[in-house]
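Results of the structural survey
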Amino acid sequence: MAKPNQQTETQTQEPGSLGSNSQPLSNFKYSNRVQLKSLFLNRTDGGAEFIGQTVVVGGWVKSSKEVEKSSPPPPPPSSPAPENEIPAKDVSCVEIFQSRIPLIRNIMEVLGGSSYVSRKKLRDSPIPKTLPPKSSTAFLLLTDGSCVATLQVVVESSIATPSRLLATGTCILVEGRLERPSAEGKHAIQLKADKVLHIGTVDVGKYPLSKKRVPLEMLRDYAHFRPRTTTVATVMRVRSALSFATHSFFKDHAFFDVQVPTITTTDSKGFSNLFQVTTTGNQKADKERLSTIYESEGITLETVKEAAKEKSKLVETLKRSESNKEALAAAIQDLQKTIELESQLEAREKKKLGTLLKQDRVDSSEDFFNTQTYLTVSGRLHLESFASALGNVYSFGPRFQADKTDSAKHAAEMWMVEAEMAFAELQDSINCAYDLFKYLCKWVLENHSDDVKFVGKRIDNTCIDRLRKIISDSPQIISYNEALDVLRKAEDKKSEAKFNSGAILTSDHLSYLADVVYKGPVIIHSYPKEAKPFYVRVNDDKTVSAFDLVVPKVGTIISGSQNEDRLTVISSRITELRLPREKYEWYLDLCRNGTVKHAGFTLNFDLMILYITGLSNVRDVIPFPRSHGKANN
């Protein structure tokens, strides 16, 4: 059913209004409006083929201006009558006579009294005029988020008050006819409004966005508004496209989507900083709050004790003077009340502190779960159980690390794409991971070219060439030891260092390899076991079957491995790293019962978007970023 005041899909044009090659625009199914991408995407004429059609569009004002219409020229002032012209019939001869002779006019004013003065005022006073309302035209640049392009909407003041439309961020829904702009410019079409169906005004004094660009770091403080900026909206469309492409890739390659738990008892890496999940209050914080229980009212146990001392001194002074018995009696009564309050506060603190000091840490047996639980840092161990039954599985979701770092490549909550394949080895995992990486680059380049062009224009002018190179070239593949040799031979003094076997490559080392040496993606494999999680398969040379895909400017974007399927080896690794065995018994069961060779990888989805867009901080590609000390929404 069509909404009131709106036209159905078959009513979006008038008979005879379409050109011979023009097709009527289709409305968005669930709001009976035309999205701007229907007008502009993949059209070389800028939407000119739709001129003449009547449509409904909605969006938010990016910029605006008001142009006043020139008023009709006022009638020319009447020229004074010639000396010999016959006077108008409502002007008396006496008035003509006295207007010519100032002396006689003055005499008439004296003799004529109030009647003459009133008539004089009526004659000399200007005729009041009612000014017509100001006529103007509002030109609004509208965006609805469906694409980079904007639509100019023209609204006459007779249809809607311009002052309600002009503010940046105002939401409007308008019905009108598409036409060619009267002045040549970057717009091939504009919408001439016939009706304004909705206006969502903004509080100009508090709205953080304006016509000028706002730095990305400032926008992070307004995460709920920043998608309305062209840059962030473009990045979010790229993010949406890559999310869809990820699922498409795994569907095309016969993987099953599995949702792994967000709350877990296991540290899947064995060395992570974890967020603990609990419903029991933080007792340390309770103790601190208890000590300030009366501070909001300016009353604490310490202040009451001090007051009691001062009042006690006052009583002693009054006793010695014996000059004012009434004042002494009042002081003694006040002291007794203060001592009473002191006793009450001491008793209350002792009672509460006694309860809280019984335990120094949370008792999990009284918590929601009967054991300590955490937000998961990885789902790969859980995926193994499904790979052992379904063959090829993947998961796509948020992972959490409580690292108090201000790194531009880290946030507390980041989304990961994780895959696990049964009957697979390290090379299979490398092949699958890089195929996914190339697929995502190709998908966004072919299916969101307008957004990629905007990224190339506004953010990183190497974006398009970089993506094309990924699609056409192969990555450099080296071992960990080969990477060390390259770094040792580096001529750049800043990169020289003493490397020992087993050393973990830092982000600076990895960046040097990808940015300076190979100038493109690098896959590094066969790490020492100290550098990787406990579950990675140990090779005969004491390295482990793990790899990292390192890309310029971002660093490691994919990490993968062939996982250990030998019970004795993985059991000894758990003992060696002093991990709580009871936490991993369920995982060891996979090795005890129907074990299989298996391999997989983790793609950091947020860093993938960072690489494609060329932005420098991962918080700018996450819809609602969470980092140390910042979770405002």
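Quantities reported herein were computed from a predicted structural model and do not represent experimental measurements. (Residues numbered from 1 in each chain as written. Predicted model: local features only at pLDDT ≥ 70, side-chain atom pairs only at ≥ 80, totals over all residues. Heavy atoms only, no water.)

1. Considerations on the overall build of the chain
In terms of helices and strands, the chain carries 17 helices and 16 strands. Buried residues in the chain amount to 42% of all 633 residues. Taking contacts inside the chain between residues at least 6 apart in sequence as the whole, the part at least 24 apart equals 72%. Taken as a whole, the chain presents about 36,300 Å² of accessible surface, with 53% of it coming from carbon and sulfur. (Helix = DSSP H or I, 4+ residues; strand = E, 2+ residues; numbered from the N terminus. Buried < 20%, exposed > 50% of the residue type's maximum accessible area, 1.4 Å probe, protein only. Contact = heavy atoms within 4.5 Å. Areas by Shrake-Rupley, 256 points an atom, 1.4 Å probe, with all protein chains shown as cover.)

2. Some remarks on the nonpolar core
Counting residues in each nonpolar core, the largest one holds 60 residues, and the members touching the most others are Leu242, Phe250, Phe437, Ile557, Ile558, Phe601 and Met608. When residues in this core are grouped by element, the largest group, 12 residues, is from helix α10 (residues 426–447). Core analysis: the second largest hydrophobic core is formed by 31 residues, Tyr512, Tyr535, Ile574 and Cys591 among them. (Core = buried A, V, L, I, M, F, W, Y, C linked by side-chain atoms within 4.5 Å.)

3. Things to note about the sheet that holds strand β2 (residues 136–143)
With respect to topology, five strands assemble into a closed barrel ordered β1-β2-β3-β5-β4, the strand pairing being mixed. Pairwise comparison of adjacent strand axes, ignoring direction, gives a mean angle of 50° for this sheet. Across nine bridges, strand β4 (residues 171–179) lies against strand β5 (residues 190–200) in antiparallel orientation. Bridging across to β5, glycine 176 finds its partner in alanine 193. (Pairing = 2+ DSSP bridges. Axes fitted to C-alpha atoms, helices over the stretch in contact; angles between N-to-C directions.)

4. Examining the sheet that holds strand β10 (residues 392–400)
In space, the eight strands of this open sheet follow the order β6-β10-β11-β16-β15-β14-β13-β12, with mixed pairing throughout. Two strands bound the open sheet, and with one partner strand each, they are β6 (256–257) and β12 (476–479). With respect to the sheet, helix α14 (residues 507–517) is in contact with β13 (522–528), β14 (543–551) and β15 (555–563), its orientation differing from that of β13 by roughly 145°. Sitting on the sheet, helix α17 (residues 605–613) touches β10, β11 (413–422), β14, β15 and β16 (598–604), and the angle it makes with β11 is about 110°.

5. Some words on the pairing of β5
The sheet contact formed by strand β3 (residues 151–156) and β5 spans three bridges and is parallel. Each residue of the ladder has a partner; that of valine 153, found in β5, is leucine 191.

6. Quick notes on the side chain of threonine 266
Position of threonine 266 relative to the elements: it lies in the loop between β7 (263–264) and β8 (276–277). A polar side-chain atom of threonine 266 sits 3.3 Å from the main-chain carbonyl oxygen of lysine 583. Filtering out sequence-adjacent residues up to four positions away, threonine 266 remains in contact with Leu381, Lys583, Tyr584 and Trp586. (Polar contact = N/O pair within 3.5 Å; in protein donor to acceptor, adjacent residues only side chain to side chain.)

7. Comments concerning a nonpolar patch on the surface
The grouping of Phe256, Phe386 and Leu390 at the surface amounts to a nonpolar patch, some 280 Å² of accessible area in total. Position of phenylalanine 386 among the secondary structure elements: in helix α9 (residues 380–390). What makes phenylalanine 386 partly exposed here is its relative accessible area of 40%. (Patch = residues over 30% accessible without salt bridge, like charges linked within 9 Å, V, L, I, M, F, W, Y side chains within 5 Å. Salt bridge = Lys/Arg side-chain N within 4 Å of Asp/Glu carboxyl O.)

8. Some remarks on the packing of aromatic side chains
Applying the stated criterion across every chain, the model contains 18 aromatic pairs. Ring centres of phenylalanine 250 and tyrosine 394 lie 4.3 Å apart, and the angle between their planes is 10°; on these two criteria the pair is classed as stacked. With phenylalanine 250 in helix α5 (residues 230–252) and tyrosine 394 in strand β10, this pair connects stretches of sequence that are 144 residues apart. For the pair shown, phenylalanine 250 and tyrosine 394 are each scored as buried. Counting every residue linked through ring pairs, the aromatic cluster contains Phe244, Phe249, Phe250, Phe255, Tyr394, Tyr439 and Trp443. Looking at lysine 65, its charged tip hangs above the ring of phenylalanine 139, at a distance of 5.7 Å from the centre. (Phe/Tyr/Trp six-rings, centres within 6.5 Å; stacked < 30°, edge-to-face > 60°. Lys NZ or Arg CZ within 6 Å of the ring centre and 35° of its normal.)

9. As for the confidence of the model for the chain
Mean pLDDT over the chain stands at 82; residues scoring 70 or higher make up 78%. The least confident element of the chain, judged by mean pLDDT, is helix α2 (residues 93–100) at 48; the most confident is β6 at 98. For the stretch residues 93–99, pLDDT sits under 50, and the model shows 12 contacts to residues farther than four places along the chain or on other chains. (pLDDT = per-residue confidence, 0-100.)

10. What to know about a positive patch on the surface
Among the surface-exposed residues, Lys186, Arg213, Lys457 and Arg458 lie close enough to one another that they form a single positively charged patch. Along the chain, lysine 186 falls in the loop between β4 and β5. Here lysine 186 falls in the exposed class, since its relative accessible area comes to 72%. (Lys, Arg positive; Asp, Glu negative; His and termini not counted. Charge placed at Lys NZ, Arg CZ, Asp CG, Glu CD.)

11. Things to note about helix α12 (residues 463–472)
Those residues of α12 lying buried are Cys463, Arg466, Leu467 and Ile470. For α12, the angular spread of buried residues about the axis comes to 95°, placing them on one side. For α12, the exposed residues set more than 90 degrees away from the buried face come down to Asp465, Arg468 and Ser472. Check the buried side of α12 and you find it contacts α10, α11 (449–458) and α17. (Arc of directions from axis to C-beta.)

12. Let's talk about the packing of helix α13 (residues 480–488) against α14
α14 packs onto α13 with a crossing angle of 75° between their chain directions and a minimal axis gap of 11 Å. In this view, α13 runs roughly perpendicular relative to α14, as classed from their interaxial angle. For the pair α13 and α14, contact is made by Ala483, Val486 and Leu487 and by His509, Tyr512, Leu513 and Val517, respectively. Counted by class, the contact of α13 with α14 contains six nonpolar, one polar and no charged residues. (Parallel < 35°, antiparallel > 145°, perpendicular 65-115°, else oblique. Nonpolar A, V, L, I, M, F, W, Y, C, P; charged D, E, K, R; others polar.)

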